[in-house]
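Chains, contacts and geometry: an overview
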Amino acid sequence: MAQRRRDDDTAVTAEYAFFLAETRGLRFALDYLDNCHIPRDILLRALDQPEQRRRIERRRYPRND
């Protein structure tokens, strides 16, 4: 259960960093992630070609309809 809590915290932190990147700039958001000890690549992957990343993720994890 501790791992799930860590993942949820990381997700919230990454979402806030994405907000910071849009409002205050990328450098500020990357510094925030560094201070929270979260890898920078989470934000960089989200900003770098989001359409392609989503397409690849959809193939990797098919929906359960």
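The structure presented is a predicted model; accordingly, all values stated were derived computationally and were not measured.

1. Here's the deal with the environment of alanine 29
One can find alanine 29 in helix H2 (residues 26–35). Residue class for alanine 29 comes out buried when judged on its relative accessible area of 0%. Each C-alpha atom of the pair alanine 29 and tyrosine 16 lies 8.4 Å from the other, and the pair is 13 residues apart in sequence. In this view, alanine 29 contacts Ala17, Leu20, Ala21 and Leu43; residues no more than four positions away in its chain are not counted.

2. Some points on unusual backbone geometry
Positioned with a positive phi, histidine 37 is a non-glycine residue whose angle comes to about 60°. Looking at the secondary structure, you find histidine 37 in the loop between H2 and helix H3 (41–47).

3. Focus on the side chain of threonine 13
By secondary structure assignment, the location of threonine 13 is in helix H1 (residues 2–23). Ignoring anything within four residues of it in the chain, the contact list for threonine 13 reads Tyr32, Leu33, Cys36 and Ile38.

4. Here's the deal with the nonpolar core
With eight residues, the main nonpolar core is built from Ala17, Leu20, Ala21, Ala29, Leu30, Leu33, Ile38 and Leu43. Taken together, the elements giving at least two residues each to this core come down to H1 and H2. Among all residues touching leucine 20, those that are not within four sequence positions of it are Gly25, Phe28, Ala29 and Tyr32.

Thresholds applied
Numbers given for residues are sequential positions, taken from 1 along each chain in its written order. Given that this is a predicted model, residues contribute local features only at a pLDDT of at least 70 and side-chain atom pairs are listed and counted only at 80 or more, while totals for whole chains, interfaces and linings are drawn from all residues. To get the side-chain values, take all heavy atoms of the structure and skip hydrogens and water. Secondary structure elements are taken from DSSP: a helix is a run of H or I of four residues or more, a strand is a run of E of two residues or more, and numbering for both begins at the N terminus. When a residue's accessible area, from a 1.4 Å probe over protein chains only, is under 20% of the maximum for its type it is buried; when over 50% it is exposed; and in between it is partly exposed. Throughout, a residue-residue contact means that at least one pair of heavy atoms, one from each residue, lies within 4.5 Å. Each nonpolar core is a collection of buried residues, namely Ala, Val, Leu, Ile, Met, Phe, Trp, Tyr and Cys, held together in the definition by side-chain atoms within 4.5 Å.

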